[in-house]
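# Examination of the molecular architecture
So the chains spell out like this:
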Amino acid sequence: MMDEQIAVSLERIQNCIQEINKSEFTTSEVIKKYLGRFCSDIGTPAAYSFNAQFGALLKRNELRLGIIEIASNESIKDDHGHRTSTSRWRLTT
C-alpha cells in the first residue's frame, strides 16, 4: 500500500514530448527530458519503480497526451550503461 505520492505534471510531460520533437519516442526519452537524466531502477519491483510508474502514467493518459504505445519492453541502456527496457510511443495528433 502506497502512503505517499510524488506529483507529476501532465502539462510538463506534454511539453517534454513536444521538445523531443519526433513522431516516435520512448518512455526513457520522456523521463530524461522531464528529470534531466534516465537511470534504470535496478532490482526495484515495478510497483515501486519511478520509471515503471511513469510509463503507466503515460499509458493511462494516452488520449490526453495525444500518444499511443506501439511497442513495449524494448531493450535499451540507461545513462550509466545499465540494460533496462522501455516502451515506444507515437504521436496521434
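Residues numbered from 1 in each chain as written. Predicted model: local features only at pLDDT ≥ 70, side-chain atom pairs only at ≥ 80, totals over all residues. Heavy atoms only, no water.

Counted under the stated rule, the structure contains two aromatic pairs. With 5.6 Å between their ring centres and 65° between their planes, Tyr34 and Phe54 make a pair best called edge-to-face. Residue Tyr34 is found in helix α2 (residues 27-35), and its partner Phe54 is found in helix α3 (residues 50-60); the two are separated by 20 residues along the sequence. Judged by its relative accessible area of 2%, Phe54 is buried. Aromatic side chains Phe50 and Phe54 sit 5.6 Å apart centroid to centroid with 40° between the ring planes, which places their arrangement in the tilted category. You can see Phe50 and its partner Phe54 sitting in helix α3, four residues apart, about one turn around the helix. Connected via pairs of aromatic rings, a cluster forms that spans Tyr34, Phe50 and Phe54. The ring of Tyr34 has Arg12 sitting right over it, with the charged end atom 4.2 Å from the ring centre. (Phe/Tyr/Trp six-rings, centres within 6.5 Å; stacked < 30°, edge-to-face > 60°. Helix = DSSP H or I, 4+ residues; strand = E, 2+ residues; numbered from the N terminus. Buried < 20%, exposed > 50% of the residue type's maximum accessible area, 1.4 Å probe, protein only. Lys NZ or Arg CZ within 6 Å of the ring centre and 35° of its normal.)

At a closest axis distance of 10 Å, the pairing of α2 and α3 adopts a crossing angle of 105°. As summarised for this structure, α2 and α3 are arranged roughly perpendicular, according to the angle between their axes. When α2 is examined against α3, the residues Thr27, Val30, Ile31, Tyr34 and Leu35 are found in contact with a partner set consisting of Phe50, Asn51, Phe54, Gly55 and Leu58. Residues belonging to the contact of α2 with α3 are distributed by class as follows: seven nonpolar, three polar and no charged. (Axes fitted to C-alpha atoms, helices over the stretch in contact; angles between N-to-C directions. Parallel < 35°, antiparallel > 145°, perpendicular 65-115°, else oblique. Contact = heavy atoms within 4.5 Å. Nonpolar A, V, L, I, M, F, W, Y, C, P; charged D, E, K, R; others polar.)

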